[in-house]
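# Examination of the molecular architecture
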Amino acid sequence: MSDEELMSINGGVARAYFFGIIATAITFIIGLVDGLIRPLNCNDK
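A short tour of the structure in this document, coming up. (Residues numbered from 1 in each chain as written. Predicted model: local features only at pLDDT ≥ 70, side-chain atom pairs only at ≥ 80, totals over all residues. Heavy atoms only, no water.)

In this section: the overall build of the protein chain. In terms of helices and strands, the protein chain carries 2 helices and 0 strands. With respect to the three principal axes, the spread of C-alpha positions in the protein chain is 65 × 25 × 5 Å. Taking all 45 residues of the protein chain together, the buried fraction comes to 0%. (Helix = DSSP H or I, 4+ residues; strand = E, 2+ residues; numbered from the N terminus. Buried < 20%, exposed > 50% of the residue type's maximum accessible area, 1.4 Å probe, protein only.)

Okay, structure coming up:
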């Protein structure tokens, strides 16, 4: 492959980052709501 062909290749990394950010946001929101609905105390021993 020539340098021009190599430079014209588009990768799929942006899509993976997008889905990773969405999954992280959903996990954070679920954890936040769970903490607000049923707060748990820390066990200090």
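Turning next to the pattern of salt bridges. All told, the structure shown has 1 salt bridge when counted by the stated rule. With its nearest N and O atoms 2.9 Å apart, the salt bridge here joins D34 to R38. (Salt bridge = Lys/Arg side-chain N within 4 Å of Asp/Glu carboxyl O.)

The next point concerns a nonpolar patch on the surface. On the surface, F28, I29, L32, V33, L36 and I37 cluster together into a nonpolar patch covering about 660 Å² of accessible area. On the secondary structure map, I29 appears in helix α2 (residues 13-37). (Patch = residues over 30% accessible without salt bridge, like charges linked within 9 Å, V, L, I, M, F, W, Y side chains within 5 Å. Areas by Shrake-Rupley, 256 points an atom, 1.4 Å probe, with all protein chains shown as cover.)

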